[in-house]
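# Survey of secondary and tertiary structure
So you can see what is in the structure, the chains are spelled out below.
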Amino acid sequence: QVQLVESGGGSMQTGGSLRLSCAASGISFTMHAMGWYRQAPGKQRELVAVITSEGRAIYADSVKGRFTISKDNAKSTLYLQMDNLYREDTPVYYCNTPRGQFRTTTNFVGPWGQGTQVTVSS
């Protein structure tokens, strides 16, 4: 029932910025947390950031101080503002709804979408 569509990825130089968006349907942001995740080729999916239904943000240590997660409840849209990009920030980014535990990387409500590719180079 839940549908998630990511957009906003692209190519950027190190130190640059990108803003990702996730358009959601079939889920209420006032009742569920939403998160951003990323996965590089051959690696496990990892948590980037989560925002709770009340607006509290949780970040991976690797992105603290550089990325900002936000949401528009009325538009059912999740955002990720990425500043001061590193080459290590290059993977595919996905959004989803964590089930049970905010920091989970294995238990989610929605299906995984196509994601949006971020490529950072010098």
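Please refer to the structure higher up on the page.
Residues numbered from 1 in each chain as written. Predicted model: local features only at pLDDT ≥ 70, side-chain atom pairs only at ≥ 80, totals over all residues. Heavy atoms only, no water.

With that settled, consider the state of the cysteines. Tallied over the full model, the rule gives 1 disulfide. Across the disulfide, cysteine 22 is cross-linked to cysteine 95 (sulfur-sulfur distance 1.9 Å). Here the disulfide of cysteine 22 and cysteine 95 is right-handed, its torsion about the S-S bond being about 65°. Placement of cysteine 22 in strand 3 (residues 18-25) and of cysteine 95 in strand 9 (residues 92-96) is noted, with a sequence separation of 73 residues between them. (Disulfide = S-S within 2.5 Å. Helix = DSSP H or I, 4+ residues; strand = E, 2+ residues; numbered from the N terminus.)

This next bit is on unusual backbone geometry. In this structure, serine 76 takes a positive phi of about 50° despite not being glycine. One can find serine 76 in the loop between strand 7 (67-72) and strand 8 (77-82). Residue asparagine 84 is not a glycine yet carries a positive backbone phi of 50°. Mapped onto the fold, asparagine 84 is located in the loop between strand 8 and strand 9. On the basis of relative accessible area, asparagine 84 is assigned to the partly exposed category, the value being 38%. (Buried < 20%, exposed > 50% of the residue type's maximum accessible area, 1.4 Å probe, protein only.)

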